Amino acid sequence: MPTQKQIQPGEKIPLKLTAAERKLILDDLLCLDQDYEQIIREIPTGKPVMMTLDDLYDFGSYFAAEFNNCKDRKKQKKLDIIFKKIQHLLDTYIDEEPPPILKIEDAHKIRMISDQAVQIAEFATIALMAAEQLRIKTKPLETFSLEPEQRDVLLLIPSLSKTIKNKLMKEKPVTVAEVASITMSLAGDLPDGEPQNQVALLMVAGHLMDQLEEGIMAKAEQLENLEADSGSGLHTRQTARTHPGRNGLDQLAPASVRDQGGTVWCP
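All chains use their own residue numbering, which begins from 1 and follows the written sequence. Only residues with pLDDT of 70 or above have their local features reported here, since the model is predicted, and side-chain atom pairs are shown and tallied only from 80 upward, although totals for entire chains, interfaces and linings are computed over all residues. Excluded from the side-chain calculations are hydrogens and water; all other atoms, namely the structure's heavy atoms, are used.

(A) Structural view of the side chain of Lys-75. Helix and strand definitions here come from DSSP, where helices need a minimum of 4 consecutive H or I residues and strands a minimum of 2 consecutive E residues; each element is numbered from the N-terminal end. Looking at where Lys-75 falls in the secondary structure, it is placed in helix α4 (residues 73-92). One polar contact links Lys-75 to Glu-66, side chain to side chain, over a distance of 3.1 Å. Contacts: residue pairs with any heavy atoms within 4.5 Å of one another. Other than its neighbours up to four places away in sequence, Lys-75 contacts Leu-24, Asp-28, Glu-66 and Cys-70. Side-chain atoms alone can form a polar contact between residues adjacent in sequence; in general such a contact is a pair of N or O atoms within 3.5 Å, and within protein one must be able to donate a hydrogen while the other accepts it.

In structure tokens form, the structure reads like this:
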């Protein structure tokens, strides 16, 4: 079928009827709605009848019903001619908004956002594992802080628990596990967000990742220093440098989400 012509919703298009066709409609079409009858009577002969697509669809149903109940072959033929005119207009025009065309660059951005959401979630998982190994998962994240604008972005995340939202609103301390949970919720909300919201989410994600890494690494360094100060010698120092928490953190900070300066990729 040829490409339909786009018109505005409610826009009227011309239905051309001969004088004989007008007479047939007004005299022989049973149960015709009075509104349609009035429209046809008011339009001067020779001028097209202007109707919206919705009106044409409804108007055509009267012809279909009359055709099916009519026993007169000549009348059926005349009804069919008018019905085909209406159907031609319905096939020619469309008043619905066309679906958006997905461009290659848009598909690339969608894939990039999805990939980053996965990386952010993986980051939070690894951070949580490292915190558990360091036994600080339920401890407050001492490095945690938010600007008012960052807090507002997080409070709009639907999957964020009420407990965490209350802590954020009241600016109460949050644990390492809760910050990891916030980061995971953010990652889950990222792919479905509007482009402007995605930029804000990515910026906040970079901030949260920095704070998780800083807090967990600081604890790992602290444990290393304690072990080194215990006088266990070179063997203990080497063991401290392969601390499970540190090994986990070596996998953090995906390059495509943040560079060394903490910059977030924006769509």
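(B) Structural view of the nonpolar core. By convention a nonpolar core is built from buried Ala, Val, Leu, Ile, Met, Phe, Trp, Tyr and Cys residues, the set being connected through side-chain atoms within 4.5 Å. Type-normalised accessible area, obtained with a 1.4 Å probe on protein chains alone, sets the label of each residue: buried when under 20%, exposed when over 50%, and partly exposed for intermediate values. In this structure, Phe-144, Leu-154, Leu-168, Leu-186, Leu-208 and Ile-216 are the most contacted members of the largest nonpolar core, which totals 33 residues. At the level of secondary structure, the elements contributing two or more residues to this core comprise α5 (104-133), α7 (162-169), α8 (176-189) and α9 (195-229). Looking at which element gives the most residues to this core, the answer is α9, with nine residues. With residues up to four places along the chain from it excluded, the contact list for Leu-208 reads Phe-144, Leu-146, Leu-154, Val-179, Ile-182, Thr-183 and Leu-186. With 23 residues, the next largest nonpolar core counts Ile-7, Ile-25, Leu-90 and Tyr-93 among its residues.

(C) Region of interest: the pattern of salt bridges. Salt bridges, as used here, are contacts in which a Lys or Arg side-chain nitrogen is within 4 Å of a carboxyl oxygen on Asp or Glu. Tallied over the full model, the rule gives seven salt bridges. Residue Asp-80 is joined to Lys-84 by a salt bridge in which the shortest nitrogen-to-oxygen separation is 3.2 Å. Of this pair, Asp-80 and Lys-84 both sit in helix α4, separated by four residues, roughly a single helical turn. By relative accessible area, Asp-80 is classed as partly exposed at 24%.

(D) Representation of helix α1 (residues 19-28) in the model. For α1, the set of buried residues is Glu-21, Arg-22, Leu-24 and Ile-25. Along α1, the residues classed as buried sweep out an arc of 160 degrees about the axis, all on the same side. Structural note: α1 exposes Ala-19, Ala-20 and Lys-23 on the side pointing more than 90 degrees away from its buried face. Here the arc refers to the directions that run from the helix axis out to each C-beta atom.

(E) Main features of the packing of aromatic side chains. Centres within 6.5 Å are what make two rings of Phe, Tyr or Trp a pair, Trp counting through its six-membered ring; a difference in plane orientation under 30 degrees is then read as stacked, over 60 as edge-to-face, and the rest as tilted. Applying the stated criterion to the full structure yields three aromatic pairs. The interplanar angle of 45 degrees and the centroid separation of 5.3 Å between the aromatic rings of Tyr-36 and Phe-59 together place this pair among those described as tilted. Linking Tyr-36 in helix α2 (residues 34-42) with Phe-59 in helix α3 (residues 53-69), this pair joins segments that are 23 residues apart in sequence. Where Phe-59 meets Phe-63, the ring centres are 5.0 Å apart and the plane angle is 90 degrees; that geometry is what we call edge-to-face. In this pair, Phe-59 and Phe-63 both sit in helix α3, four residues apart, roughly one turn of the helix. A residue is classified by how much of its surface remains accessible, and Phe-63, at 1% relative accessible area, is buried. Among the aromatic residues, ring-to-ring pairing joins Tyr-36, Phe-59, Tyr-62 and Phe-63 into one connected group.

(F) Representation of the environment of Glu-171 within the structure. Within the secondary structure layout, Glu-171 lies in the loop between α7 and α8. By relative accessible area, Glu-171 is classed as exposed at 57%. Expressed as a C-alpha distance, the spacing of Glu-171 and Leu-146, which sit 25 residues apart in the sequence, is 8.9 Å.

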